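Topology and contacts: notes
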Amino acid sequence: MLQLRPILSTLSRHRTAALLIVLEIALTCAIVCNAVFLIANRIERLHFPSGLADSELVYVSTSSIGRDPESPANTRIDLAALRAIPGVRSVAIVNEIPYGNESDNTGLSMAPEQKAPTIDVSIYKADAGGIDTLGLRLLGGRDFKADEVMEGREFDASSDPQIPSAIISRAVAERVFPGRDPIGQVIYLFNSHPTRVVGLVDRLVRPQPRNDDAHDLYSVILPVRQTFNAGMYMLRTDPGLRVAVLEAAKQALDRRDGRRVASDSGLFTDLRDDFYRADVQMVWLLAGVCAALLVVTAFGIVGLASFWVQQRTRMIGTRRALGATRAQILHYFQTENLLLTSAGIALGMLGAYAINQWLMTQYELPRLPLLYLPLGALMLWSLGQLAVLAPARRAAALPPAHAMRGLAD
Amino acid sequence: MFLYYFDLALRSFRSARGLTALMVLTIAMGIGASMTTLTTFRALSGDPLPGRSDTVLRVELDAAERATFVPGKEPDNQLTRFDAEALLRDRHAFRQAAMSGGSASIEPAADAPGALKPFNSSARYTTADFFAMFDVPFRYGQGWTAADDADKAAVVVLSKELNEKVFGGANSVGRTLRLDNADYRVIGVLDAWQPVPYFFDLNVGRYRKTEGVFLPLALAAERHLGNNGNVTCWGDSPTPDFRVLEAPCSWLQYWVQVRTPSERQAFLDYLTQYSVQQHAAGRFQRDPNPRLHPVMEWLSVEHVVPSDVRLQLWLAFGFLAVCLVNTVGLLLAKCLRRAPEIGVRRALGASRRAVFAQFLVEAGTIGLAGGALGLVFAWFGVWVVHSGTQSGAQWVHMDATTLVTTFALAVAATLLAGLIPAWRACDVSPASQLKAS
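Conventions and cut-offs
Residues numbered from 1 in each chain as written. Chains lettered and ligands numbered in written order. Predicted model: local features only at pLDDT ≥ 70, side-chain atom pairs only at ≥ 80, totals over all residues. Helix = DSSP H or I, 4+ residues; strand = E, 2+ residues; numbered from the N terminus. Buried ≥ 20, exposed ≤ 12 C-beta atoms within 10 Å, placed from the backbone. Contact = placed C-beta atoms within 7 Å. Domains from an automatic or database assignment. Nonpolar A, V, L, I, M, F, W, Y, C, P; charged D, E, K, R; others polar. Core = buried A, V, L, I, M, F, W, Y, C linked by C-beta atoms within 7 Å. Pairing = 2+ DSSP bridges. Axes fitted to C-alpha atoms, helices over the stretch in contact; angles between N-to-C directions. Arc of directions from axis to C-beta. pLDDT = per-residue confidence, 0-100.

Some points on the overall build of chain B
When helices and strands are counted, chain B shows 14 helices and 13 strands. Across its three principal directions, the C-alpha atoms of chain B cover 95 × 55 × 35 Å. The buried share of chain B, taken over its 437 residues, is 46%. Looking at chain B alone, contacts between residues at least 24 apart form 78% of all its contacts between residues at least 6 apart.

So this is what it looks like as structure tokens:
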């Protein structure tokens, strides 16, 4: 059944062509394995959850022309106006939101005189009720109490803000209090004043997540009431009412007074989509290149196999005349293709590994999981078999008498 | 002879239409993909300051605390206000400017075109040399002077776009701009000016539109105009305002222009000396570690070209490599199939050289056709990138260089691909082929 010897001896007489096809398959294998891995990586990144109730939130921001001395009072009036909009469940004002441009970061220390901070965290500032508006899941402890909340201006003007309490994300808790209950523990943020952890939320992503690891989830919420110039309003509503609520919110703020400039506003999910747009495009681009590579390689195999069938017409005729069945001719070309693809895959695996090594140094990518190698091999074997099928069937269909005389058609 | 080979090539294409089309298409796809990514890469990694990028330098001082020092790490790329003012005062370089990004609300006058509502504009707060150092073109008027910086004169320079928006593109020099509840006298309007990348302050956006208004830095700091960009503070005592002179916060970009390499060395020596002094005075905790980066080096230190764009470039050239290997294979198959024809030509007196040349011309012709089709693909690809959301995409355009490179690359690549088949073709022995047929 196995016809390895005649195949090998034929191939050795077409070394250049055989080598080329092996090389092409190897290159394709190496690139496609890594491209698919990159695609999987990007898709994982796209699904990195924010921890917020994404589809129920809209954001609106506004700023005054120049400084507004009455901004705390005006902020309260704004909040009341926004809460009065039909369909709005709750409203909060925060200093930064995931996928936004604002980002406030500081070092978190475990001791007052610590030289270098333990970790770097993103600082979210919110009033009591803020975590509920954002849709964060409280795992333990409690929300802020009204008497803990500090005015944003007071916080900004103080060179030594004393923050009594903080709510931390689970990622922070697991990093700085491993195996311990974080509620009631003490952290140090800006200075030597202790801040007590009063609440634990499951997840809250930094404004600009990039690496999709724990570091992107190091967030701390502080009880600070922002003013409208230094924050943005987050409105929680039903998914279906978002567009109407957004328009009503913009109008409500516009009506408030003429000394305002409307800034950014939109649906939170749109903000998230914009943030990840480049990644989505990259996924499509990588997928397109993979498809193009596979098509080109398949055509290469078809082209070369057709040529070989044509060239070996006489041999096929002789074999058929000597009693070889059509199936045997078919298998001959299929086995030949299997050998070539296998060689290409073997070489391609080494290439895939080398490219991955290089990508790891350039793009902070993890190592290519071993699972990709058999998957890539399977894909190329199928591709090779599929591509060779038509030429091989044509070879098998040659009438022996014609073939003997060297007539391909 | 060339024309004859060309004619032979066309005949051979007609006799194998499918195979030829396949080869042209393959080459075109590879070339199209490569040229699209190459054009994008070139647009995003171009020289934003042609002719001057070697002599305009970014200044870095290592002013941060010792506790966070990491050996070998690039120092903080921004300066504190204290250091920036000290360097400006000393004026040791040919030109120097400190700057920061910001934003300000603008209330257009009642006669502004289209009853414009108040709006926020991006702003740049800087010092007098900014315009001369970066060779900024003026449409009307000019920039301010060092005396205006010192006096905190309420003057403003507008970008071309903002002048069009607020003053309808007229010569607005001498008019008043209402900005954050205060009046500023317009002293200059820029002509079209768009550095790509936005090299002097990458924190406000690596590829972004030129800021709308330019104001004296000292004035903006005094009036607390809104600041945009990165602010890094260190030390135990947090300061409520990073803009005050003594604040241990870096937030200013500092650039100098030198005329000669010796001036550059002299300026670096001066920075080292300054660092030593500050260290002795107790302000700097780290050892002197000043750096000077010319524009292009600065862009590479900051990895300004998005890593995805680099990745796409590699990917496209990988794809081109596969396309080429494929073309070599197909050309080889095509040429071996024509062994009898070669045998006849050789028997009739064609030399090996002639056969070799004939097959190279054939390969080159495929390259030309592939290049032409590749150009269409590249044009389409560039259009897709241009209308995409990659930051800086709006500055990706098809240009003459891309056009020429596309054809050159296509022909060179196919000639390379044609070498093996042509070599094999001229190696055909006439006798055996004639006998076989």
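Section: the domain arrangement of chain B
All names here are of chain B. Each assigned domain of chain B is listed with its residue range as follows: domain 1 (2-45 + 306-436) and domain 2 (56-301). On a C-alpha basis, the centres of domain 1 and domain 2 stand 50 Å from each other. Each partner contributes to the interface: domain 1 provides five residues, whereas domain 2 provides four residues. Considered class by class, the residues forming the side of domain 1 that touches domain 2 number three nonpolar, two polar and no charged.

Description of the interface of chain B and chain A
Taken together, the contacts link 40 residues of chain B with 40 residues of chain A. Listed by contribution, the elements that provide at least two residues to the side of chain B that touches chain A are α2 (17-44), β3 (95-107), β4 (119-126), α10 (307-337) and α13 (400-426) of chain B. Of the residues that constitute the side of chain B that touches chain A, the class distribution is 20 nonpolar, 15 polar and five charged.

Digging into the nonpolar core
Judged by nonpolar contacts, the single largest core of 171 residues is most densely connected at Cys 29 of chain A together with Val 156 of chain B. Sort the elements by how many residues they give to this core and α10 of chain B lands first, with 18 residues. The residues touching Val 156 of chain B, leaving out its near neighbours within four places in the chain, are Leu 177, Leu 179, Tyr 184, Val 186, Val 213, Phe 214 and Leu 215 of chain B. By size, the runner-up hydrophobic cluster in this structure holds 59 residues, among which are Tyr 59, Tyr 99, Ile 123 and Val 197 of chain A.

Considerations on the sheet that holds strand β1 (residues 57-64) of chain A
Residues and elements named next belong to chain A. One open sheet holds the four strands; their spatial order is β2-β11-β1-β12, and the pairing between them is antiparallel. In the strand order of this sheet, the two ends are held by β2 (90-94) and β12 (260-267), each with one partner. Neighbouring strand axes in the sheet, compared pairwise and without regard to direction, differ in orientation by 20° on average. By the bridge criterion, six bridges tie β1 to β12 in an arrangement that is antiparallel. Residue pairing in the sheet places Ser 64 in a bridge with Arg 260 of β12. Strand contacts of helix α7 (residues 242-256): β1, β11 (232-236) and β12, with the helix running at about 170° to β12, the strand carrying the most contacts. The strands touched by helix α8 (residues 268-311) within the sheet are β1 and β12, with β12 carrying the most contacts at an inclination of about 80°.

Overview of the environment of Ala 327 of chain A
The topology assignment puts Ala 327 of chain A in helix α10 (residues 326-363). Through-space distance from the C-alpha of Ala 327 of chain A to that of Ala 392 of chain A is 9.8 Å; in sequence the pair is 65 residues apart.

Thoughts on helix α11 (residues 339-347) of chain B
Residues and elements named next belong to chain B. Among all positions in α11, only Ile 342, Gly 343, Arg 345 and Arg 346 are buried. Buried residues of α11, viewed axially, fall in a sector of 165°; they line one side. Within two residues after α11, Gly 349 carries a phi angle of roughly 110°, on the positive side.

What to know about the domain arrangement of chain A
Assigned domains within chain A: domain 1 (4-47 + 276-404) and domain 2 (96-225). The centre of domain 1 of chain A, based on its C-alpha atoms, is set 54 Å off from the matching centre of domain 2 of chain A.

Observations regarding the confidence of the model for chain B
Looking at chain B as a whole, its pLDDT mean stands at 88, while 98% of the residues score no less than 70. For chain B, per-element mean pLDDT is lowest for helix α14 (residues 430-436) of chain B, which scores 69, and highest for strand β9 (residues 213-216) of chain B, which scores 97.

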